[in-house]
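Chain residues, written in single-letter form:
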Amino acid sequence: SNSPTISVALLLLESGASLKKLTSNEVSSMLDTNAFRKEHMKSLSFDLACCSTEAIVHDSPHDYPNDADIRKSFTIPGASIIYVSFHPKTHIEYHYDTLEIVWPSTTAHENNDHLATVQTKEGPYSGSSNFFPGIGMPALQMQGDSFDIHFTSDESNTFWGY
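Quick notes on the overall build of the chain
Inference 1: Tallying secondary structure elements over the chain gives 3 helices and 10 strands in all.
Inference 2: Along the chain, from the amino end to the carboxyl end, the secondary structure elements read β-α-α-α-β-β-β-β-β-β-β-β-β.
Inference 3: Expressed as a percentage of its 162 residues, the buried residues of the chain come to 38%.
Inference 4: For the chain, the computed accessible surface area is about 9,100 Å², with 49% contributed by carbon and sulfur atoms.

Observations regarding unusual backbone geometry
Inference 1: Note the cis peptide between His-62 and Asp-63, where omega equals -20°.
Inference 2: Tracing the backbone shows Asp-63 in the loop between strand E2 (55–58) and strand E3 (69–75).
Inference 3: The amide bond that connects Gly-123 to the next residue, Pro-124, takes the cis arrangement and shows omega of 10°.
Inference 4: Positionally, Pro-124 belongs in strand E7 (residues 115–125).
Inference 5: With phi around 75°, His-95 is a residue other than glycine that occupies positive phi space.
Inference 6: For His-95, the position within the fold is in the loop between strand E5 (91–92) and strand E6 (98–108).
Inference 7: Despite not being glycine, Asn-157 has its phi angle at roughly 55°, a positive value.
Inference 8: Secondary-structure assignment places Asn-157 in the segment after strand E10 (146–152).
Inference 9: Classification of Asn-157 by relative accessible area gives partly exposed; the value is 46%.

A look at the pattern of salt bridges
Inference 1: A complete count under the given rule lists 2 salt bridges for this structure.
Inference 2: For Arg-71, the salt bridge identified is with Asp-69, shortest N-O distance 3.6 Å.
Inference 3: For Lys-121, the salt bridge goes to Glu-100, with nearest N and O atoms at 3.1 Å. Of this pair, Lys-121 sits in strand E7 while Glu-100 is found in strand E6, placing the two residues 21 residues apart along the sequence.

Cut-offs used in this document
- Residues numbered from 1 in each chain as written.
- Predicted model: local features only at pLDDT ≥ 70, side-chain atom pairs only at ≥ 80, totals over all residues.
- Heavy atoms only, no water.
- Helix = DSSP H or I, 4+ residues; strand = E, 2+ residues; numbered from the N terminus.
- Buried < 20%, exposed > 50% of the residue type's maximum accessible area, 1.4 Å probe, protein only.
- Areas by Shrake-Rupley, 256 points an atom, 1.4 Å probe, with all protein chains shown as cover.
- Salt bridge = Lys/Arg side-chain N within 4 Å of Asp/Glu carboxyl O.

Here you go:
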């Protein structure tokens, strides 16, 4: 068959929940190119996504501290698309505490004679889980195999985190 190969990695930002892990066959059937649709990945619930054997989980301290400055880089070798979804409990102080996600993306140079890598940024995200990807909006989709997160909090009022 001439079906395209799809390489997908999931990153889930949450506190590690003990949920059933899917088998490789279950994940493969979910991602079968005949059944796979980008809109399905974008609308993945957190609970379903974190069952994937391919999921990577990262979370902040709960509750996070005042004056936090958390930076984390992720590389998933071989991934061509990464989806990011947040835990339903995600909550950081609206406007004062923020989380940004940055990743390299390739774009055509002004003269179209070569490709250039630029930084793409999403966020800042702030507030309750409804303002974060995978909860109040579709999961964040990034082309590529790496990205960085940067979380900062001010000197007062901490919450559950991400």
